[in-house]
Amino acid sequence: PFFLSMNGDWKFRMAERPQAVAADFMAPGCDDSGWADLPVPSNWTMHGYDRPHYTNVQMPFPGVAPTVPDDNPTGLYRTWVKVPADWTGRRIVLHVGGAESVLYVWVNGRPVGMGKDSRLPHEFDLTDFVTPGEAALVACAVVKWSDATFVEDQDQWWMGGIHREVYLYATAPTHIADVFALASLEDDYATGTLKVTTSLGFRGEPLNGFEVEAQLFDAGGRAVLEAPLRGPVKASPVNYNPYRGPLGAMALEARVPGVAVWSSERPSLYTLVVSLIGADGTVVEATSCRVGFRR
């Protein structure tokens with residue numbers, strides 16, 4: 001109930017360079033009736049705009065870093081999305097799975113943020129930009145060349161556009177921001193050590209009373225730990241991340257005897273499930289990842 005796909009046809013227009021973009025393209029009042037429809041996700045280079053460009057050991061354009069060409073294809077995207085009314089009081093996030101190479105985002109004409117990595121997802125907290133139960137205009141500009149192009153350069157096809165899925169999701173105000181799991185082996189190569197560090201984000205409510213729980217499952221879905229790891233979230237120390245806001249952290253650790261060791265010949269993997277437990281004992285949120293015990 002807290003996931004909403006935004007994949008599908010978006011209104012699209014191509015500009016020759018970022019400087020040629022109309023100042024009001026991201027505003028709700030901009031008339032996009034004459035714009036084309038472009039599927040998201042896709043590469044505009046595969047839909048008649050610009051062209052795919054393959055390079056091996058050379059940059060795709062002349063010049064010295066960080067200079068990029070004046071002719072710099074810039075794709076403009078617009079779509080409307082109705083935020084579910086029952087998301088009221090929750091944290092609302094926009095996920096853009098990938099865009100080559102620079103992504104700028106506006107909501108209802110207001111700048112939200114930007115990202116610069118063609119192969120990693122970008123996420124933006126829209127809680128203060130949208131109203132549950134109402135429609136919102138999401139506008140994106142994707143610039144093909146940037147200083148990051150010099151970092152990303154390798155034997156590859158150069159494309160352009162929003163090439164992975166886009167969706168909204170909602171979490172509770174206190175939520176799991178990140179999980180770092182380290183599965184290692186002791187000297188006997190049979191006993192595993194599992195260390196799980198969970199970062200929590202929160203908006204306007206204290207962390208006191210929350211707990212983090214972790215359980216490990218084998219390939220057959222059986223619980224490995226006799227009892228789940230569990231510990232209270234400490235309200236301090238609290239770190240502040242300029243992109244995610246305040247973060248609290250919780251570290252859990254366990255010895256796991258008789259593990260199936262990961263190797264390239266036998267890539268044994270376990271599933272780690274981490275849950276955030278509210279002050280009333282209910283599960284607020286859960287997430288999972290795969291881990292392998294190895295030296």
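Before reading on, note that the structure itself is shown above.
This is a predicted model, so every value here is computed, not measured.

*Asks:* Sorry, what's going on with the overall build of the protein chain here?
*Replies:* Within the protein chain, the regular secondary structure consists of one helix and 22 strands. The C-alpha extent of the protein chain, read off along each of the three principal axes, is 60 × 50 × 35 Å. Residue burial in the protein chain is summarised as follows: out of 295 residues, 43% are buried. Look at the contacts in the protein chain between residues 6 or more apart in sequence, and 73% of them connect residues 24 or more apart. Surface exposure of the protein chain reaches about 15200 Å², of which carbon and sulfur atoms provide 52%.

*Asks:* I would appreciate a short explanation of the environment of Thr 55 in the present structure.
*Replies:* Looking at where Thr 55 falls in the secondary structure, it is placed in strand β4 (residues 53-55). Along the chain, Thr 55 and Gln 154 lie 99 residues apart, while their C-alpha atoms are 7.5 Å from each other. Within the local environment of Thr 55, its side chain forms a polar contact with the side chain of Trp 158, the two groups lying 2.7 Å apart.

*Asks:* Is there a simple way to explain the sheet that holds strand β10 (residues 122-125) in this structure?
*Replies:* Note on sheets: strands pair through backbone hydrogen bonds, and any given pair is parallel or antiparallel. Taken together, the four strands give an open sheet; going across it, the order is β1-β14-β6-β10, and neighbouring strands pair in antiparallel fashion. The outermost strands of the open sheet, each flanked by one partner alone, are β1 (3-5) and β10. If you compare each strand with its neighbour and ignore which way they point, the axes differ by 20° on average. As judged from the four bridges shared by strand β6 (residues 91-96) and β10, these two strands associate in the antiparallel manner. Its bridge partner lying in β10, His 95 is registered against Glu 123.

*Asks:* I would appreciate a short explanation of the pattern of salt bridges in the present structure.
*Replies:* One side chain can pair with another of opposite charge once the charged atoms of both are near each other. One pass over the full model with this rule turns up 13 salt bridges. A salt bridge links Lys 144 to Asp 50, with the shortest nitrogen-to-oxygen separation between them at 2.6 Å. A residue pair is termed long-range when its members are at least 10 positions apart, and Lys 144 in the loop between β11 (135-143) and α1 (148-152) and Asp 50 in the loop between β3 (36-40) and β4 qualify at 94 residues. Residue classification places Lys 144 among the buried residues on the basis of a relative accessible area of 3%. Classification of Asp 50 by relative accessible area gives partly exposed; the value is 33%. Salt bridges linked by common partners bring Glu 16, Arg 17 and Asp 71 together as one network.

*Asks:* Whenever I open this one, the nonpolar core confuses me. Can you help?
*Replies:* One recurring pattern in soluble globular proteins: nonpolar side chains tend to sit buried together. The biggest cluster of nonpolar side chains holds 29 residues, and the ones touching the most others in it are Tyr 77, Leu 94 and Ile 162. When contributions to this core are tallied by element, the ones reaching two or more residues are β2 (8-15), β3, β5 (74-82), β6, β8 (102-107), β11 and β14 (166-171). By residue number, the principal contributor to this core is β11, which donates four residues. Excluding its chain neighbours within four sequence positions, the residues that come into contact with Leu 94 are Met 6, Val 105, His 122, Glu 123, Phe 124, Leu 126, Val 138, Val 166, Tyr 167 and Leu 168. Leu 194, Leu 207, Val 233 and Leu 276 belong to the second-largest nonpolar core, a separate cluster that totals 26 residues.

The rules behind these values
- Residues numbered from 1 in each chain as written.
- Predicted model: local features only at pLDDT ≥ 70, side-chain atom pairs only at ≥ 80, totals over all residues.
- Heavy atoms only, no water.
- Helix = DSSP H or I, 4+ residues; strand = E, 2+ residues; numbered from the N terminus.
- Buried < 20%, exposed > 50% of the residue type's maximum accessible area, 1.4 Å probe, protein only.
- Contact = heavy atoms within 4.5 Å.
- Areas by Shrake-Rupley, 256 points an atom, 1.4 Å probe, with all protein chains shown as cover.
- Polar contact = N/O pair within 3.5 Å; in protein donor to acceptor, adjacent residues only side chain to side chain.
- Pairing = 2+ DSSP bridges.
- Axes fitted to C-alpha atoms, helices over the stretch in contact; angles between N-to-C directions.
- Salt bridge = Lys/Arg side-chain N within 4 Å of Asp/Glu carboxyl O.
- Core = buried A, V, L, I, M, F, W, Y, C linked by side-chain atoms within 4.5 Å.

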